[in-house]
Each structure stands twice: as C-alpha cells, then as structure tokens.
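Next come the chains, spelled out residue by residue.
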Amino acid sequence: MGYLKSIGTIIIYIGLFAAVITFIPGLPPEAEFSEYSIKYPSETRSQFELKNRLNGAEVLFAGELKGPESFASYNGELYTGIRGGYVVKINGNSIVPIVKFGQKCDGLWQEEKCGRPLGLQFNDKGELFVADAYYGIFKVNVNTRQYTNIVNSSVPIDGKAPRIVNSLDIAKNGDIYWTDSSTEFSLHDGAYTFLANPSGRLIRYNAATKKNEVLLKNLGFANGVLLADDESFVIVLECLKSRIIKYHLTGLKAGQHEILVEALPGLPDNVHTDGQGGFIVSLISYVDPDHPFLLQSLMPHPYLRKMITRFLYLIETPFKIVQDVYPNYYAERVLHSVGSFDASKVLDSMKASAVLRIDKAGNVLDALYSDDAKVDNICSAYILNGYLWLGSPWNEYIMRVPLKQAFPNLKESQISANVKQEIEEPIITVMNKPDVKVQAKPSKSKRSVQETVPKPTTTTITTTTTTTTPKPTTTTTPKPTTTTPKPTTTTTPKPTTATPKPTTTTTQKPTTKAPTTQTISKPTTEKVAPAQQRPTTTSTTTTTTTTSTTTTTTTTTTPKPPPSTQSPLKASVNEAKKENRNEIKKENLKNTKKETSDKKNVNTKTSNTKTESTEKSEESTVKSKSEETVKKNTRETQSEKSKPAGKKDDSEKN
C-alpha cells in the first residue's frame with residue numbers, strides 16, 4: 001500500500017505543477033492556444049495508392065553537406081541552400097559555395113547567427129532570390145556573388161515581424177510571393193509553432209512599390225509556395241494542417257482562397273512544378289490512420305498544448321540564465337536542441353517520406369515512396385536533367401532517382417528541346433596551286449549538295465569528269481577565277497548532237513602532268529538542299545546521247561580559305577561573266593561542227609566538273625580514250641577562247 005500511495009502522491013504533484021504552469025498568466029511563451037481541428041487522412045477515402053518508385057535512390061555528396069532544403073536551377077545548373085548559411089551550386093561532382101548571408105559562426109547550433117537559406121527561385125533574368133529564415137529575402141547575382149536585401153525580417157509587416165521566412169516564388173512582373181511560417185517563434189524553436197495556434201502568412205512583395213501585403217494569415221506553418229503557369233493563382237502548403245490552399249489572383253475570384261486538396265497522407269513541405277502545369281509536393285513525414293502525427297492529434301486540446309510548451313520553456317530557462325552570465329558551448333547546444341525540429345523527429349513513428357504529383361485541379365496523379373527504408377525526411381523533390389532530386393533538412397547528402405523510374409508518364413520540359421540532325425557533306429578546299437585538292441570533312445552547317453539524276457544510287461565528287469565509278473578520267477587545272485556562286489541557267493542541246501554546252505564555265509588550260517585529282521565516292525540515299533552561302537566552285541555539264549537529259553550540279557564550300565586564294569576568286573567572278581557571255585555562244589557553234597566525230601567523248605575542260613554517264617557504252621568509251629585525243633580536242637575547242645582571269649603563258653599553250 002505504501003508503494004501505491006507514493007505513486008499517487010507523485011501523480012498529484014505532477015498534476016498540480018502542470019496546472020500551475022498552464023493557468024498562471026504571464027509565463028512564456030506569449031502565444032495563443034485555442035481549439036481547432038483539421039481533416040485527417042482517416043476521414044477520407046484512400047485515394048493515395050503509394051508506389052515504391054523511390055527505391056534504390058542514388059546518394060550523392062555523403063558527408064559533404066547537411067540539410068539541402070530546397071532546389072532551384074538555371075541553365076541546367078542546380079542550386080540549393082544548406083545548413084551553415086551557404087547557398088551552393090552543384091557543379092558536376094563538386095559543391096561550389098555561392099553566397100552566405102549570415103555571420104561567421106562556430107557550428108550548426110548557432111544557426112540564428114549563421115543564417116539558414118530555405119526557399120530559392122530564379123527569375124527570367126537569371127537572378128536568384130533566396131529566403132533566409134533569419135535574415136529575410138535576398139537577390140543574388142550568381143556570377144558576381146553580390147546580393148541585395150529585398151525584405152528585412154526585422155521590419156514588421158502588419159504589426160508583426162516575420163520569424164521564419166520560408167519559401168518564395170517570382171512573378172513575371174517581379175512581384176515576390178513568399179511565406180512566413182510563424183510570427184511567434186524562430187526556426188530553432190520550430191516545435192513550438194506546431195504546439196501553438198497557427199500564425200503563418202502568405203505575403204506578396206510588390207516590386208513596383210517595394211511594399212509587402214499580407215494575403216492570408218493564420219496558416220498552419222505556411223511552407224512551400226508556387227505560382228500557376230499562367231499566374232492566375234498561387235498555392236501555399238500548410239505543413240501542420242496537411243493541406244494546400246489556392247489563392248486566386250485573377251478572374252472573378254481574385255482575392256479569394258479555397259482548399260485545393262486536404263487530408264494529405266503526411267506533412268507537405270516544399271512544392272515544385274512538374275513542367276506540365278501540375279505540382280510536385282514532398283511529404284516530409286508520412287501519416288495515415290495507423291500512424292498519426294502526435295502534434296496533429298493535440299489540436300483539439302489547447303490546454304495540453306499550452307502545458308507542454310510552457311514546460312519546455314521552463315527547461316530552457318536555467319540554461320538561458322547561464323548563457324547570459326557565462327556564455328559557453330554546452331548551454332548553447334541545449335538551448336538549440338530544446339524545441340527544435342531536430343528533437344521533434346522522435347515523434348515521427350512511420351520514418352518514411354512520400355512524393356505526390358498533383359494537377360492544378362487538386363487531383364493526386366501519383367504517390368511515391370520507398371519501401372527499402374532509404375528515402376526518409378524528404379522535404380523537396382525537384383526535376384532536372386532527367387532526375388528527380390530529393391532534398392532534406394537533416395540528411396547529410398542529396399539523393400536522386402531517374403525521372404523515368406519515378407514518373408514514367410511524365411516528360412521533363414527541359415528534355416523536350418529539338419534535336420538537330422547533323423548531315424555530313426563534302427567540303428572542297430581550293431588551294432592556290434595548279435591542282436585542286438579535294439577534302440571531305442563533316443560539317444554541321446546546312447550547306448549541302450543537290451543532285452537530280454534518274455537513279456540516285458552513288459554520288460562521285462571530283463574536280464574534273466566523274467562517273468559512277470570512283471576512277472578519274474581526265475585531269476584539268478582550274479584557274480583561280482572559278483565560277484558564279486549559284487548555277488542559274490542550263491542550255492539544252494539539240495537532239496541531233498551530243499556536244500555538251502556548259503552554261504557556267506571557267507576558262508582553263510590542259511596539263512600534261514599526271515592526274516592528281518582525288519576522287520571521293522559517297523553513297524547517298526537522301527536529297528539535301530542546295531547551298532546558298534559563300535562563293536562556290538560550280539560546273540554544270542549537260543550530256544544527251546538519247547532523248548533524256550542529265551543535269552548535275554555540285555556546290556562546294558570553302559571554310560576559311562587563305563586570303564591569297566579567296567580574294568582572286570571573288571574578284572574575277574564578275575569579270576569572267578562579262579567576257580565569256582558572248583564567247584560561249586560563238587564557241588558553242590564551232591564546237592558543234594568540229595566535235596561531231598567525237599560524240600562519245602564527253603570529256604570537258606571545266607574546273608570541278610561532275611559528269612555522270614547515262615549508258616554503259618559511254619562509260620567504257622570514256623575509260624579507253626587516249627591522251628592524244630584529249631590534247632587534240634583541247635586545242636580545237638579552246639583555240640579562240642579568251643582567258644578571263646589573266647594572260648596566257650607560252651609554256652601553257654600545249
């Protein structure tokens with residue numbers, strides 16, 4: 001009986017103590033405690049069918065950073081804020097510090113001094129806006145690493161200073177929509193915000209007037225905030241109440257708000273876009289009827305919540321006195337631990353996190369989790385570069401899951417860029433030498449070669465006569481005057497003759513040297529558009545042995561030729577046109593009479609000529625032609641031609 005009496009006495013004293021600290025006025029903290037309730041997941045149908053698509057998450061930078069709270073990206077580069085007060089950039093396999101707003105501190109227990117970057121977002125100009133829980137909102141130039149304070153957390157808004165500047169989003173006109181999670185407690189006392197009445201706010205910073213306007217108040221730990229794609233509304237996540245509020249910005253309901261989705265199976269933290277008009281919401285703690293969240297269960301009991309809050313404050317009181325009289329490491333650590341979210345993790349009985357994809361109407365499209373106990377304490381899920389990046393306020397690493405694994409039906413907007421097809425084309429480089437050197441190089445430009453042949457099976461590129469076989473038959477020496485940039489006209493020969501009539505030619509001389517022409521054969525199965533840029537070396541030959549006419553046009557480009565070679569080409573084009581226009585007509589009449597006996601000899605003396613035989617008999621005749629016949633025909637056809645690019649030398653008249 002004495003034992004039971006002792007237990008009863010202890011219970012009575014504890015109850016008396018609890019009653020005193022609960023009902024005595026003036027005890028800290030100065031917060032409101034009243035009854036309120038929310039809609040719990042057990043009160044709705046099970047609409048969240050969890051899928052274990054977060055299994056096997058990849059762990060990055062283990063032990064190199066702590067608390068990557070939220071994410072933002074620009075030009076494919078990922079940024080995040082970590083504990084210690086730094087905003088960093090994930091650059092491949094390294095972490096690059098960008099900026100720090102707080103003061104120099106000794107450790108994470110001095111978070112109020114260090115600063116704590118939470119939400120961050122880029123605007124269209126590439127300027128980074130960061131919400132620091134203790135110092136306010138900053139605009140950062142990530143290149144120069146200079147920053148400007150936009151919102152100072154020490155300045156009251158509607159009579160109350162923001163105590164936890166949490167998340168933000170930027171409108172196209174520069175307005176900032178941001179959340180203040182509490183007007184009564186700082187982040188290192190975050191557990192008290194869940195015990196006291198909700199005091200979170202949704203605030204709009206007007207970029208034109210530089211003033212803040214409270215849009216919503218008394219939110220249950222206002223957390224993530226995100227604008228719709230068309231900026232017709234903004235959503236804000238209430239972490240404590242497990243719901244999402246929709247605030248209308250335009251239309252008939254402008255200025256009004258409604259519940260977008262409630263009774264979420266967990267505590268919503270940050271929200272990011274899914275690139276398709278919807279939202280990616282992370283639940284830092286999973287909650288269901290079998291695993292309720294204790295602090296949510298205490299909502300209908302204000303006196304119990306008030307008693308717990310004051311009791312925790314009484315524990316802190318002696319350490320505060322010691323810290324004021326004799327500052328030391330141990331007192332600081334205790335003050336930071338009591339009432340912080342780090343200590344409240346013991347209330348998470350499920351030890352699991354979830355990621356939801358929600359459309360703009362509030363329908364849950366996907367619900368993901370991990371059953372391998374690897375993904376926990378996830379507060380942010382962000383899509384970038386084909387991955388779903390997972391952040392946490394407590395983990396000492398970043399995790400990621402392939403996007404195709406997490407959301408198989410979701411296509412990342414950053415991946416949908418048009419892929420340009422690269423076409424390999426020959427580039428002929430004309431050197432200032434008696435021969436022409438042909439080099440085939442791949443090019444990504446849109447210059448190409450168009451061929452119109454009866455059966456495009458094989459394309460042979462050469463500086464002289466080219467057939468479907470890669471063997472050259474004649475070598476010619478082009479002059480640096482080449483031809484006009486584009487083939488304009490073609491002259492169809494009479495049916496009774498087989499003499500080719502070149503439309504755009506270049507006066508040239510035969511040579512007695514060994515053939516030095518390099519022939520490059522390339523099979524082709526597709527047509528490409530003709531080139532329309534830069535001077536080209538063009539020669540058109542029309543050969544008719546039957547009733548059909550074959551016209552082949554070769555367009556070549558010279559990337560960055562030597563100045564000594566390019567300038568005479570450009571300078572002599574117009575001159576060659578004027579001098580040869582009349583000569584070509586006269587010469588064609590003479591050539592028709594003199595070359596009747598040589599109908600099958602289709603060797604022409606033009607630079608960069610491309611000829612394709614239409615019958616096998618002509619091909620064999622071309623191959624068997626002797627060098628003497630070539631010289632004879634050359635003297636006859638070129639006897640009265642004038643040289644457009646320069647004077648003739650006696651040594652070249654053979």
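By convention here, each chain's residues receive numbers from 1 onward along its written sequence. In keeping with the model being predicted, local features are shown solely for residues with a pLDDT of at least 70 and side-chain atom pairs are shown and tallied solely at 80 or more, while totals for entire chains, interfaces and linings include all residues. Hydrogens are left out, water is left out, and the side-chain values use all remaining heavy atoms of the structure.

## Quick word on the sheet that holds strand E1 (residues 58–60)
Here is step 1: Two strands qualify as a pair provided DSSP detects at least 2 bridges between them. Each helix is a run of H or I in the DSSP string that is no shorter than four residues. Each strand is a run of E no shorter than two, and both are numbered from the N terminus. Reading across the sheet, the four strands line up as E1-E24-E23-E22 and stay open at both edges, with antiparallel pairing between neighbours. Bordering the open sheet on either side are E1 and strand E22 (380–384), each of which pairs with just one other strand. Averaged over all pairs of adjacent strands, the angle between strand axes in this sheet comes to 30°, irrespective of strand direction.
Here is step 2: The pairing of E1 with strand E24 (residues 398–402) spans three bridges and is antiparallel. Across the sheet, Glu58 pairs through a bridge with Arg400, a residue of E24. Axes here refer to lines fitted to C-alpha atoms; in helices the fit is confined to the stretch in contact. Angles between the N-to-C directions go from 0 to 180 degrees.

## Let's talk about empty space enclosed by the protein
Here is step 1: A cavity here means a set of points on a 1 Å grid, drawn over the protein atoms and nothing else, where a 1.4 Å probe fits but cannot get out; a pocket is an open set with protein on both sides within 12 Å along at least five of seven lines, and a residue lines either one if it has an atom within 4 Å of a point. Grid points are joined across faces, edges and corners, and a volume is the space filled by probe spheres set on the points. In this structure the tally under the stated criterion is eleven cavities of 30 Å³ or more.
Here is step 2: Roughly 480 Å³ of internal volume is contained in the largest cavity.
Here is step 3: Taken together, 31 residues form the lining of the largest cavity, with Asp269, Ile284, Phe341, Pro393 and Trp394 sitting closest to its centre.
Here is step 4: Contributing elements (two or more residues each) for the lining of the largest cavity: helix H3 (190–195), strand E18 (266–273), strand E19 (279–286) and helix H7 (341–344).

## Considerations on the side chain of Asn395
Here is step 1: Counting through the fold element by element, Asn395 comes out in the loop between strand E23 (387–391) and E24.
Here is step 2: A contact between two residues is defined here by any heavy atoms of the two lying within 4.5 Å. Non-local contacts of Asn395, meaning those with residues more than four positions away in its chain, are made with Leu65, Lys66, Gly67, Pro68, Asp376, Asn377 and Ile378.

## Points about the nonpolar core
Here is step 1: Put simply, a nonpolar core is a bunch of buried Ala, Val, Leu, Ile, Met, Phe, Trp, Tyr and Cys residues held in one set by side-chain atoms that sit within 4.5 Å of each other. Residue exposure (1.4 Å probe, protein chains only): buried if accessible area is under 20% of the type maximum, exposed if over 50%, otherwise partly exposed. Core analysis: the biggest nonpolar cluster contains 29 residues, and Phe194 and Phe221 have the highest contact counts within it.
Here is step 2: If one sorts the elements of this core by residue count, H3 sits on top with three residues.
Here is step 3: Residues from two domains meet in this core; each of domain 1 (1–30 + 294–348) and domain 2 (49–289 + 349–406) gives at least three.
Here is step 4: Ignoring any residue separated from it by four or fewer positions in sequence, one finds Phe194 in contact with Phe221, Cys239, Leu240, Leu267, Phe293, Leu295 and Phe341.
Here is step 5: Among the nonpolar cores identified, the runner-up in size contains 20 residues, and Leu237, Leu283, Val364 and Ala367 belong to it. Segmentation into domains, and thus their bounds, comes from an automatic or database assignment.

## Points about the pattern of salt bridges
Here is step 1: Whenever Lys or Arg places a side-chain nitrogen within 4 Å of a carboxyl oxygen from Asp or Glu, that contact is recorded as a salt bridge. What the rule picks out here adds up to 15 salt bridges.
Here is step 2: Here Glu262 and Lys39 are joined by a salt bridge, their closest N and O atoms 3.8 Å apart. With Glu262 in the loop between strand E17 (257–261) and E18 and Lys39 in the loop between helix H1 (2–23) and E1, this residue pair connects regions lying 223 residues apart in the sequence.
Here is step 3: Using a relative accessible area of 26% as the deciding quantity, one classes Glu262 as partly exposed.
Here is step 4: Here Lys253 makes a salt bridge to Glu258, at a shortest N to O gap of 3.9 Å.
Here is step 5: A relative accessible area of 32% means that Glu258 is categorised as partly exposed.
Here is step 6: Look at the salt bridges and you will find they share partners, linking Lys51, Arg53 and Asp366 into a network.

## As for the packing of aromatic side chains
Here is step 1: Ring pairs shown here join Phe, Tyr and Trp side chains whose ring centres sit within 6.5 Å, with only the six-membered ring taken for Trp; geometry is labelled stacked below 30 degrees between planes, edge-to-face above 60, and tilted in between. Throughout the structure, instances matching the rule amount to 17 aromatic pairs.
Here is step 2: Consider the rings of Tyr74 and Phe122, whose centres lie 5.3 Å apart with planes at 25°: the pair is stacked. Within this pair, whereas Tyr74 is found in strand E2 (residues 71–74), its partner Phe122 is found in strand E6 (residues 117–122), the two being separated by 48 residues in sequence.
Here is step 3: A relative accessible area of 28% places Tyr74 in the partly exposed class.
Here is step 4: A residue is classified by how much of its surface remains accessible, and Phe122, at 8% relative accessible area, is buried.
Here is step 5: Consider the rings of Tyr329 and Tyr330, whose centres lie 5.2 Å apart with planes at 75°: the pair is edge-to-face.
Here is step 6: On the basis of relative accessibility, which here comes to 62%, the residue Tyr330 falls in the exposed class.
Here is step 7: Aromatic ring contacts, followed pair by pair, group Phe194, Phe221, Phe293 and Phe341 into a single cluster.
Here is step 8: Here, a charge over a ring is recorded when the distance from Lys NZ or Arg CZ to the ring centre is within 6 Å and its angle to the ring normal is within 35 degrees. Against the face of Phe233 rests Lys246, its NZ or CZ located 4.4 Å from the ring centre.
Here is step 9: Between Arg400 and the ring centre of Tyr387, over which it is positioned, the NZ or CZ distance is 3.9 Å.

## Quick notes on unusual backbone geometry
Here is step 1: For the bond from Pro28 to Pro29, the omega torsion is 0°, close enough to zero to count as cis.
Here is step 2: Tracing the backbone shows Pro29 in the loop between H1 and E1.
Here is step 3: The phi angle at Lys210 is positive, at roughly 60°, despite the residue not being glycine.
Here is step 4: With respect to the helices, strands and loops of the structure, Lys210 is situated in the loop between strand E12 (200–206) and strand E13 (211–219).
Here is step 5: On the accessibility criterion, Lys210 (63% relative accessible area) is exposed.
Here is step 6: Look at Phe221: it is not a glycine, yet its phi comes out positive at around 50°.
Here is step 7: With respect to the secondary-structure elements, Phe221 resides in the loop between E13 and strand E14 (222–227).

## Thoughts on the UniProt feature "transmembrane region" (unreviewed entry) in the protein
Here is step 1: UniProt positions are given in the numbering used here, feature names are shortened, and annotations may be inferred rather than shown by experiment. Per the UniProt record, "transmembrane region" (unreviewed entry) is annotated on residues 7–27.
Here is step 2: As annotated, residues 7–27 comprises 81% helix and 0% strand, and the C-alpha atoms at either end are separated by 28 Å.

## Quick look at the sheet that holds strand E7 (residues 128–132)
Here is step 1: One open sheet holds the four strands; their spatial order is E6-E7-E8-E9, and the pairing between them is antiparallel. Of all strands in the sheet, those with a lone pairing partner are E6 and strand E9 (146–152), marking the two edges. Sheet twist, expressed as the average angle between the axes of neighbouring strands with direction ignored, equals 25°.
Here is step 2: Pairing analysis gives six bridges linking strand E8 (residues 136–141) to E9, with the strands arranged antiparallel. Paired with Lys139 across the two strands is Thr148, which belongs to E9.

## Focus: helix H6 (residues 329–337)
Here is step 1: Those residues of H6 not exposed but buried are Ala331, Leu335 and His336. Burial along H6 is one-sided: seen end-on, the buried residues are contained in an arc of 130°.
Here is step 2: Elements in contact with the buried residues of H6: helix H2 (111–114), helix H5 (302–325) and H7.
Here is step 3: The opening residue of H6, the one whose side-chain oxygen lies 3.2 Å from the backbone nitrogen of Tyr330, is Asn328.
Here is step 4: Gly339, located one to two residues past H6, shows a positive phi value of around 85°. It is the directions from the helix axis to the C-beta atoms whose arc is reported. Any N or O atom pair separated by 3.5 Å or less is treated as a polar contact, with the protein-specific requirement of one donor-capable and one acceptor-capable atom, and with residues adjacent in sequence counted only for side-chain atom pairs.

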